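# Breakdown of the fold
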Amino acid sequence: EAANYELPLLSKSQRRLTVLLNATTRRDAKGSVIGVVGVGQDITEINELMDESKRVADDLTRLIETANAPIFGINTRGEVTEWNRSFANITQYWKEEALGKDLVENFISEQYKDSVRKVLTLALSGKETGNFEFPLFTKQLDRKIQILMSATPRRGPDGQIIGMI
């Protein structure tokens, strides 16, 4: 028996197709194998759409990672999920140091925690905020940087808010 086996085929016009194949043995009254019954479904278009979606997602990931503007994102618990190179260069905190940490508690100075938390909470409730300014100190606390932030809700495939970027 074969379940969900992807079988590459060539059509008469030499177009490459992918068929999802399920096969089982066919037996006679005595239980001897007399053949195979197979059911196939053409999944070529589905695979092409998935490949294109992956390419777009990869492009967007690269765009965020290499943008000249500092970009960060959080999940609904306020934990860092995105931290691009520009933000890492400015703050001196590398992506690996920031991911999974509470943004407000770990990276915002005490004086601005409440106001930044309020903006993030608004974004997580679906309300965008543009041009919110707050200071951020570098890892070595040797520089204070003014950040001009736009907070936008980030939505999952079902449209539910899953974070902010």
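### Some thoughts on helix H1 (residues 44-66)
Within an α-helix, residues lying three or four positions from one another point in the same direction, as the helix has 3.6 residues per turn. Look at H1: 33 Å from first C-alpha to last across 23 residues, which is about the 33 Å you get at 1.5 Å a residue. Every buried residue belonging to H1 is among Thr44, Asn47 and Glu65, and all of these are buried.

### Quick word on unusual backbone geometry
Phi at Gln14 is positive, roughly 70°, even though this residue is not glycine. Within the element layout of this structure, Gln14 appears in the loop between strand S1 (2-10) and strand S2 (16-27). A relative accessible area of 57% places Gln14 in the exposed class. Phi at Gln92 takes a positive value of approximately 70°, unusual for a residue other than glycine. Topologically, Gln92 is positioned in the loop between helix H2 (85-91) and helix H3 (95-98).

### Focus on the nonpolar core
With 24 residues, the main nonpolar core has Trp83, Leu103, Phe107, Leu120, Phe134 and Met149 as its most contacted residues. Elements that contribute at least two residues to this core include exactly strand S4 (72-75), strand S5 (80-83), H2, helix H4 (103-107), helix H5 (113-124), strand S6 (129-137) and strand S7 (144-151). The residues touching Leu103, leaving out its near neighbours within four places in the chain, are Phe72, Ile74, Gly78, Val80, Trp83, Ile108 and Leu120.

### Here we look at the side chain of Lys113
Along the chain, Lys113 turns up in helix H5. According to the relative accessible area criterion, Lys113 is buried, its value standing at 10%. Those residues within four positions of Lys113 in sequence are excluded, and the remaining contacts are Val104, Glu105 and Ile108.

### Brief notes about a nonpolar patch on the surface
Judged by side-chain polarity, Val56, Leu60 and Leu63 come together as a nonpolar surface patch covering roughly 270 Å² of accessible area. Among the residues examined, Leu60 registers a relative accessible area of 48% and is labelled partly exposed.

### Points about the pattern of salt bridges
Pairing between side chains becomes possible if they bear opposite charge and their charged atoms approach one another. Counting across every chain of the model gives 13 salt bridges. Of the charged contacts, one joins Glu97 and Lys139 as a salt bridge, the two residues approaching to 2.3 Å between their closest N and O atoms. With a gap of 42 residues between them, Glu97 in helix H3 and Lys139 in the loop between S6 and S7 connect regions that are remote in the sequence. Residue Lys139 is classed as partly exposed on the basis of its relative accessible area, which comes to 33%. In this structure, the salt-bridge partner of Glu105 is Arg117, at a minimum N-O distance of 2.5 Å. Taken as a pair, Glu105 in helix H4 and Arg117 in helix H5 lie far apart in primary sequence, 12 residues in all. Owing to a relative accessible area of 45%, Glu105 belongs among the partly exposed residues under this scheme. Several salt bridges share partner residues, and in doing so they unite Glu105, Glu110, Lys113, Asp114 and Arg117 into one network.

### Focus: the pairing of S4
Residues Phe72 and Ile74 point to one face of S4 and Gly73 and Asn75 to the other, with burial holding for every one of them. Alignment of S4 against S5, held across 3 bridges, turns out to be antiparallel. Residue pairing for S5: Phe72 is matched across the bridge by Trp83. Taking the residues that link successive antiparallel strands as the turn, the S4-S5 hairpin has 4 residues, and the phi of Gly78 there is positive, at about 85°.

### A closer look at the sheet that holds S4
Within the open sheet, the 4 strands sit side by side as S5-S4-S9-S8. Their pairing is antiparallel. Both edges of this open sheet fall to S5 and strand S8 (153-155), since each of them pairs with a single strand only. Averaged over all pairs of adjacent strands, the angle between their axes in this sheet comes to 30°, without regard to strand direction. This element, H5, spans S4, S8 and strand S9 (161-164) of the sheet and lies at about 150° to S9.

About the criteria used
- Residues numbered from 1 in each chain as written.
- Predicted model: local features only at pLDDT ≥ 70, side-chain atom pairs only at ≥ 80, totals over all residues.
- Heavy atoms only, no water.
- Helix = DSSP H or I, 4+ residues; strand = E, 2+ residues; numbered from the N terminus.
- Expected span 1.5 Å × (residues − 1).
- Buried < 20%, exposed > 50% of the residue type's maximum accessible area, 1.4 Å probe, protein only.
- Core = buried A, V, L, I, M, F, W, Y, C linked by side-chain atoms within 4.5 Å.
- Contact = heavy atoms within 4.5 Å.
- Patch = residues over 30% accessible without salt bridge, like charges linked within 9 Å, V, L, I, M, F, W, Y side chains within 5 Å.
- Areas by Shrake-Rupley, 256 points an atom, 1.4 Å probe, with all protein chains shown as cover.
- Salt bridge = Lys/Arg side-chain N within 4 Å of Asp/Glu carboxyl O.
- Pairing = 2+ DSSP bridges.
- Axes fitted to C-alpha atoms, helices over the stretch in contact; angles between N-to-C directions.

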